[in-house]
Amino acid sequence: MLTTDTEKLFTAYCIIGTKWIIHILFSLSQGPKQFSEISENVPSISESILSKRLKELQNDNLVKRTVSLTRPIQTIYELTPKGSALATFIPCLIDWVNNAAKKNDVPRGNYYDDTGQ
């Protein structure tokens, strides 16, 4: 039988365990960005996958998409308060990896591939 905490972890993993989500959240935690800026900040992601992940994050109410009515039209993505709260754990992950690297104890390896998936 699953505990309430285990169920909550599964729920969180369904969101952050999807490839590229943490990278997108980290990019947007630096401030609102256009699609091209997010793409530049997230290594090896294809435009179609980035678009798909942004839509998923919007559906989860973690990212807000705003389209300006000015010319040229600009689309801006930014974290919602819920997304900002979730993104607060990312610096802790980075610190953990940095500390492990100092001990030459970084688990596994480089996860980036050239497919953008």
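Scope of this entry: the structure provided in the associated data block.

The rules behind these values
Residues numbered from 1 in each chain as written. Predicted model: local features only at pLDDT ≥ 70, side-chain atom pairs only at ≥ 80, totals over all residues. Heavy atoms only, no water. Helix = DSSP H or I, 4+ residues; strand = E, 2+ residues; numbered from the N terminus. Buried < 20%, exposed > 50% of the residue type's maximum accessible area, 1.4 Å probe, protein only. Contact = heavy atoms within 4.5 Å. Arc of directions from axis to C-beta. Pairing = 2+ DSSP bridges. Core = buried A, V, L, I, M, F, W, Y, C linked by side-chain atoms within 4.5 Å. Axes fitted to C-alpha atoms, helices over the stretch in contact; angles between N-to-C directions. Parallel < 35°, antiparallel > 145°, perpendicular 65-115°, else oblique. Nonpolar A, V, L, I, M, F, W, Y, C, P; charged D, E, K, R; others polar.

### Some thoughts on the overall build of the chain
Scanning the chain for helices and strands turns up 6 helices and 3 strands. Element order for the chain, N to C, with α for helix and β for strand: α-α-β-α-α-β-β-α-α. Going through the 117 residues of the chain one by one, you find that 22% of them count as buried. A fraction of 52% describes how many contacts in the chain between residues 6 or more apart in sequence connect residues 24 or more apart.

### A short note on helix α2 (residues 21-29)
Of the residues making up α2, those classed as buried are Ile21, Ile24, Leu25, Ser27 and Leu28. Viewed along the axis of α2, the buried residues span an arc of 160 degrees, placing them on a single side of the element. Trailing α2 by a residue or two, Gly31 shows a phi angle of about 130 degrees, which is positive.

### Description of the pairing of strand β3 (residues 75-79)
Looking at chain direction, strand β1 (residues 33-34) and β3 are connected through 2 bridges and run antiparallel. Bridge pairing in β3 places Lys33 opposite Tyr77. Bridging between strand β2 (residues 63-67) and β3 involves 5 bridges; their strand directions are antiparallel. Bridged to Val63 within β3 is Leu79.

### A closer look at the nonpolar core
Formed by 18 residues in total, the largest nonpolar core has its most connected members in Ile24, Leu28, Ile38, Ile45, Leu54, Leu57 and Val63. Taken together, the elements giving at least two residues each to this core come down to α2, α4 (47-59) and β3. Excluding anything up to four places from it in sequence, Val63 contacts Leu28, Leu54, Leu57, Gln58, Tyr77, Glu78, Leu79 and Thr80.

### Let's talk about unusual backbone geometry
A cis amide bond links Arg71 with the next residue in sequence, Pro72, at an omega value of -10 degrees. Within the secondary structure, Pro72 is located in the loop between β2 and β3. At Asn61, a residue that is not glycine, the phi angle is positive and equals roughly 60 degrees. In this structure Asn61 comes out as partly exposed when scored by relative accessible area, which is 44%.

### Some remarks on the packing of α2 against α4
Angle between the axes and distance between the axes are the two parameters that describe a pair of packed helices. One way to put it is that α2 packs onto α4 with a least axis distance of 10 Å and a crossing angle of 75 degrees. The angle between α2 and α4 places the two elements in the roughly perpendicular class. Residues Ile21, Ile24, Leu25 and Leu28 of α2 touch α4, and the partners they reach there are Leu50, Arg53, Leu54, Glu56 and Leu57. Partitioning the contact of α2 with α4 into residue classes produces 7 nonpolar, no polar and 2 charged.

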